[in-house]
Amino acid sequence: MIIDKDLTRYVKLILAAILSGIVTASVIINSGYLQFLDSAIIGSVQKDQSGFLNGMYTLITNLASPKLGILWILILAFLLWGTKYKVPAIWSICTLIGGDAVGVIIKHIIQRQRPIFHLAHDTGFSFPSGHVLNTFLIIGIIWVIVLPIIKSRKKVLIIQICTIILMILVMLSRIYLNAHYPTDTVGAVCIGYTWLQISQILYVYFAPTIKSKWKLVNHSYI
C-alpha cells in the first residue's frame, strides 16, 4: 500500500496531539507569553509595508482559501482516479473535508476573536487558521499519496521545497493581512498534522476492505 502500517505513526500522533493541546490551552487561557510571542512575530512580519507585499500576500491568501482548497483537492482526486488510484482519491477528499470540519469545530469551541483591523471579509473566529489548516492538509496529501508515485528523486525534492515555501507564505500572508495571530497559524499546522496521522491510520485499516467490497474501486491501487 502507498500508506503502510507504521508503529511510529502512533508516536507521531500522540506527540502532535500533545503539542496541539498545549497551543490550544495557551490560547484559551490567553497566556502572557503567548501574547508576547504573537506581538513580536506580528511586528516582524508587518514591519515592511509595500504595495508589492500586499498584492502578493493577498493573491496567496485568496488561492489558499478553504473554498478553493476543495477545488484543488477535487482536481487532484480526479487525476488520481484516472491513474487507477481510486481509493487514495477518495481518501484525499475525505481527509481534507474531515480536517476542515475538525478546524471549524475547534473554532467554535475556542471562539478566539480575530486581530484588530482585520479585513471585513475575514469573518468567523480566529483559532485555528482555516487557510493554513486547509493548505497544510493538501500539501500533506501530496506528500503522502503523490510523492511515493513519482520515481524521480529530483522531482520529489523540487515538489517538497516548493510546497514548504508555499506553506510558509500562506502562514505569513494570514499574519501580514491581520487575518490571524501567528499562534493561529502554528495551531493550524499542529492540528492538521494530528488529523493527518489519524487519517493515515484509518487508511491502513479500511483501504483493503473498501477495495474488496466496493465494485467501483476494486481495480484500484492502494
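Identification of the chain as Phosphatase PAP2 family protein from Apilactobacillus xinyiensis is taken from an unreviewed UniProt entry.

Turning to the nonpolar core, a few remarks are in order. Residues Ile3, Trp91, Ile141, Ile145, Met167 and Tyr203 are the most contacted members of the largest nonpolar core, which totals 40 residues. Counting 8 residues, the second largest nonpolar core, distinct from the first, contains Val23, Val27, Ile106 and Phe127.

So, on to the pattern of salt bridges. The tally for this structure, following the rule as stated, stands at 2 salt bridges. A salt bridge links Asp38 to Arg112; the nearest nitrogen and oxygen atoms lie 3.0 Å apart. On the criterion of sequence distance, the pair formed by Asp38 in helix α2 (residues 32-45) and Arg112 in the loop between α5 (86-110) and α6 (130-146) is long-range, its members being 74 residues apart. For Arg112, a relative accessible area of 11% puts it in the buried group. The structure contains a network of salt bridges with shared partners spanning Asp38, Arg112 and Asp184.

Before going further, it helps to spend a moment on the packing of aromatic side chains. This structure, assessed with the given rule, holds 3 aromatic pairs. Judged by centre distance (4.9 Å) and plane angle (40°), the rings of Tyr57 and Tyr176 are tilted. Within this pair, whereas Tyr57 is found in helix α3 (residues 51-63), its partner Tyr176 is found in helix α7 (residues 153-176), the two being separated by 119 residues in sequence. Judged by its relative accessible area of 4%, Tyr176 falls in the buried class. When the ring of Tyr85 is compared with that of Tyr221, the centres are 5.0 Å apart and the planes differ by 50°; the resulting orientation is tilted. Placement of the pair is Tyr85 in the loop between α4 (66-82) and α5 and Tyr221 in the segment after α8 (182-213), with a sequence separation of 136 residues. The class for Tyr221 is partly exposed, based on a relative accessible area of 44%.

Here, UniProt's "transmembrane region" (unreviewed entry) annotation points to residues 12-36, 56-82, 89-110, 130-150, 157-179 and 185-206. Spanning residues 89-110, this segment combines 100% helix with 0% strand, and its end C-alpha atoms are found 32 Å apart. What you have in residues 130-150 is 81% helix and 0% strand, and the ends, taken at the C-alpha atoms, are 29 Å apart.

This part takes up the packing of α7 against α8. Contact pair α7 / α8: the axes reach a minimum separation of 9 Å and the direction vectors enclose 150°. Between α7 and α8, the angle is such that the two are roughly antiparallel. Where α7 crosses over α8, the two elements pack in a sense that is right-handed. Side by side, α7 and α8 meet where Met171, Arg174 and Ile175 of the first sit next to Pro182, Thr185, Val186 and Val189 of the second. The residue makeup of the contact of α7 with α8, split by class, is 5 nonpolar, 1 polar and 1 charged.

About the criteria used
Position numbers for residues start from 1 in each chain and track the written sequence from start to end. Reporting in this predicted model follows two pLDDT cut-offs: at least 70 for local features of residues, and 80 or more for side-chain atom pairs to be given and counted; totals over whole chains, interfaces and linings ignore these cut-offs and use all residues. For the side-chain quantities, the full set of heavy atoms in the structure was used; hydrogens and water were omitted. Remark: nonpolar core denotes a set of buried residues (Ala, Val, Leu, Ile, Met, Phe, Trp, Tyr, Cys) joined through side-chain atoms within 4.5 Å. Relative accessible area decides the class of each residue, using a 1.4 Å probe on protein chains only: under 20% of the type maximum gives buried, over 50% gives exposed, and in between gives partly exposed. Throughout this description, the term salt bridge denotes a Lys or Arg side-chain nitrogen within 4 Å of a carboxyl oxygen of Asp or Glu. Helix and strand labels come from DSSP, where a helix needs a run of H or I of at least four residues and a strand needs a run of E of at least two; each type is numbered from the N terminus. By convention, a stacked pair of Phe, Tyr or Trp rings (six-membered ring in the case of Trp) has centres within 6.5 Å and planes under 30 degrees apart, an edge-to-face pair has planes over 60 apart, and any other such pair is tilted. UniProt positions are given in the numbering used here, feature names are shortened, and annotations may be inferred rather than shown by experiment. Throughout, an axis means a line fitted to C-alpha atoms (over the contacting stretch in the case of helices), and angles, computed between N-to-C directions, take values from 0 to 180 degrees. Note that the term roughly parallel is reserved for angles under 35 degrees, roughly antiparallel for angles over 145, roughly perpendicular for angles of 65 to 115, and oblique for everything else. Helix crossings fall into two classes, left-handed where the near helix is turned counterclockwise from the far one by less than a right angle and right-handed where it is turned clockwise. Note on contacts: a residue pair is in contact if any heavy atoms of the two residues lie within 4.5 Å. Classes in brief: Ala, Val, Leu, Ile, Met, Phe, Trp, Tyr, Cys and Pro nonpolar; Asp, Glu, Lys and Arg charged; the others, Gly included, polar.

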